[in-house]
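# Descriptive structure summary
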Amino acid sequence: DRPARFGAYAPENFDMTFQGTVTVRKALQLSLNVPAIALLDRVGGDMQLLGEITGLFLRECGPLMARAREAMENGNAGGFVHEVHTLCGMFRSLSAVAAQETAGRLEELDLMENREKVQEAYGLLERETQALKDELGALAAETAVSSEPM
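Throughout what follows, the structure given in this document is the object of discussion. Remember, it's a predicted structure, so these values are computed and weren't measured experimentally.

## Remarks on the overall build of the protein chain
- Looking only at helices and strands, one finds six helices and zero strands in the protein chain.
- Buried residues in the protein chain amount to 35% of all 150 residues.
- Here the protein chain displays about 8,600 Å² of accessible surface, and carbon together with sulfur accounts for 54% of that area.

Have a look at this one:
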């Protein structure tokens, strides 16, 4: 949650402050406008497209995380960086800044030289990813309900 501009529009939060990096859940709990608008801006305001992207993320994220963990545990640095880089792109597409930043840090760490730091950062990424999956699952359910014909 930081100052942003979408064309001529510069949204502000109700309390006129910005919270920095927050999860999607916290942004929703605090009614922060910028993260929600950033996510909707990424999909041109198309809630159906957002629902499709969310569904794709929810299907693909688990297998990507499992492959990244396996590569980390097996010392496969190239495989690990590939999977984490893919996840980083997915997080960027969803405006999931906290998870994206953690994935970016993982891409920069050398698995073979910093195994302990990599494992610690990967644990954080797992927690952030699970929180994001929970939030997006709820969003996908809301999107499905709101797009049903009345």
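## Observations regarding the nonpolar core
- Phe57, Phe80, Phe91, Leu106, Tyr122 and Leu125 are the most contacted members of the largest nonpolar core, which has 28 residues in total.
- The set of elements that each furnish at least two residues to this core consists of α3 (47–74), α4 (77–93), α5 (97–108) and α6 (115–147).
- Ranked by residues supplied to this core, first place goes to α3 with eight residues.
- Ignoring anything within four residues of it in the chain, the contact list for Leu125 reads Met65, Phe91, Ala99, Thr102, Ala103 and Leu106.

## Notes on α4
- Its 17 residues give α4 an end-to-end C-alpha distance of 24 Å, which sits within 8% of 24 Å, the value for a rise of 1.5 Å per residue.
- For α4, the complete set of buried residues consists of Phe80, Glu83, Val84, Leu87, Cys88, Met90 and Phe91. Relative to the axis of α4, the buried residues are bounded by an arc of 165° and lie together on one face.
- Once α4 ends, the next one or two residues include Ser95, with phi positive near 55°.

## Here we look at the side chain of Thr102
- Here Thr102 shows up in helix α5.
- When near neighbours in sequence (up to four residues on either side) are disregarded, Thr102 contacts Ala121, Leu124, Leu125 and Glu128.

What counts, and where the lines are drawn
- The numbers attached to residues start from 1 for each chain and follow its sequence in the written order.
- Residues qualify for local features only when their pLDDT is at least 70, as the model is predicted, and side-chain atom pairs are given and counted only at 80 or more; totals for whole chains, interfaces and linings, by contrast, use all residues.
- The side-chain figures draw on all heavy atoms in the structure; neither hydrogens nor water molecules are used.
- Where helices and strands are cited, they refer to DSSP runs of H or I of at least four residues and of E of at least two residues respectively, numbered from the N terminus.
- Any residue under 20% of the maximum accessible area for its type is buried, any over 50% is exposed, and the rest in between are partly exposed; the area is computed with a 1.4 Å probe on protein chains only.
- Here, Shrake-Rupley sampling with a 1.4 Å probe gives the accessible areas, and only protein chains in the shown set may cover a residue.
- Side-chain atoms within 4.5 Å are what join buried Ala, Val, Leu, Ile, Met, Phe, Trp, Tyr and Cys residues into a set we call a nonpolar core.
- Contacts are assigned to residue pairs that have any heavy atoms within 4.5 Å of one another.
- Multiplying one less than the number of residues by 1.5 Å gives the expected span of a helix.
- Each C-beta atom gives one direction from the helix axis, and the arc is the one those directions make.

In short, the description is geometric, and any link to function would need to be established separately.
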